[in-house]
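Tertiary structure, described
These are the residues of each chain, in order.
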Amino acid sequence: MPVRDRNDMLIRWRWLRLIGYTILLCSALVRSPSASPPFAAEMERLAEILGSLQFLTELCEDEPAPWRDEMEALIALAEPDEVWRLRLIDRFNLGYSSFAIVYRLCTAAAALAITHYRDEEADIAVGIAARFGAAAAPVALSLEADR
């Protein structure tokens, strides 16, 4: 894996970790079992993107795809109730199966989709951290120091 890709992966992992810590901190505020957390829509979209990246990375790249593990880690940090946990899993599976239906071989369009979804995943990570990250400021500083 080229150094740039490895650095990109580390940066993305740090953002996902930041999101996870943000979710963990925010979920303490949102403990009503019937209410979705305020960041539920963003997390559900992120789950769908991670599912898409899981399939596309397995299809197009030689490296093992880390996206399923990252999704499991985010779910573990969010400590969702059973309904929201199942929604997140469903969205991950939807992202995965949406591409599995269409692609059997890695094409230029599939490779472009990987780039697009990695960018969108990073944008969502930044958005969640910015919107819900007031409680995660120490974590953000810690991640910045790791660079």
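In the block above lies the structure referred to throughout.
What you are looking at is a predicted structure, and each value in this text was computed from that prediction instead of being measured. (Residues numbered from 1 in each chain as written. Predicted model: local features only at pLDDT ≥ 70, side-chain atom pairs only at ≥ 80, totals over all residues. Heavy atoms only, no water.)

To continue, consider the environment of Ala78. Turning to its location among the elements, Ala78 is positioned in helix H3 (residues 67-78). Ala78 sits in the buried class, given a relative accessible area of 1%. (Helix = DSSP H or I, 4+ residues; strand = E, 2+ residues; numbered from the N terminus. Buried < 20%, exposed > 50% of the residue type's maximum accessible area, 1.4 Å probe, protein only.)

Moving on, we get to the state of the cysteines. A complete count under the given rule lists 1 disulfide for this structure. Sulfur-sulfur distance for the disulfide between Cys60 and Cys106 comes to 2.1 Å. Residues Cys60 and Cys106 share a disulfide whose torsion about the S-S bond is about 105°; that sign makes it right-handed. Here the residue Cys60 occupies a position in helix H2 (residues 40-60), and Cys106 occupies one in the loop between helix H4 (82-102) and helix H5 (108-132), the gap between them amounting to 46 residues. Taking the relative accessible area as the measure of exposure, Cys60 reaches 23% and is therefore partly exposed. Judged by its relative accessible area of 37%, Cys106 falls in the partly exposed class. (Disulfide = S-S within 2.5 Å.)

What follows concerns the side chain of Glu48. Counting through the fold element by element, Glu48 comes out in helix H2. Residue class for Glu48 comes out buried when judged on its relative accessible area of 15%. Those residues in contact with Glu48 that sit more than four places away from it in its chain are Arg91, Phe92, Leu94 and Gly95. (Contact = heavy atoms within 4.5 Å.)

Another point: the packing of aromatic side chains. Under the defined criterion, the tally for this structure stands at 3 aromatic pairs. Ring geometry for Phe55 versus Tyr96: centroids 5.3 Å apart, planes at 85°, classification edge-to-face. Residue Phe55 is found in helix H2, and its partner Tyr96 is found in helix H4; the two are separated by 41 residues along the sequence. Since its relative accessible area comes to 10%, Phe55 is described here as buried. Relative to Tyr117, the ring of Phe99 lies with its centre 5.6 Å away and its plane at 90°, an arrangement referred to as edge-to-face. Of the two residues, Phe99 sits in helix H4 while Tyr117 sits in helix H5, which places them 18 residues apart along the sequence. Just as Phe99 is buried, Tyr117 falls in that class too. (Phe/Tyr/Trp six-rings, centres within 6.5 Å; stacked < 30°, edge-to-face > 60°.)

Note that every value here comes from positions in space, so none of it alone points to a role or purpose.
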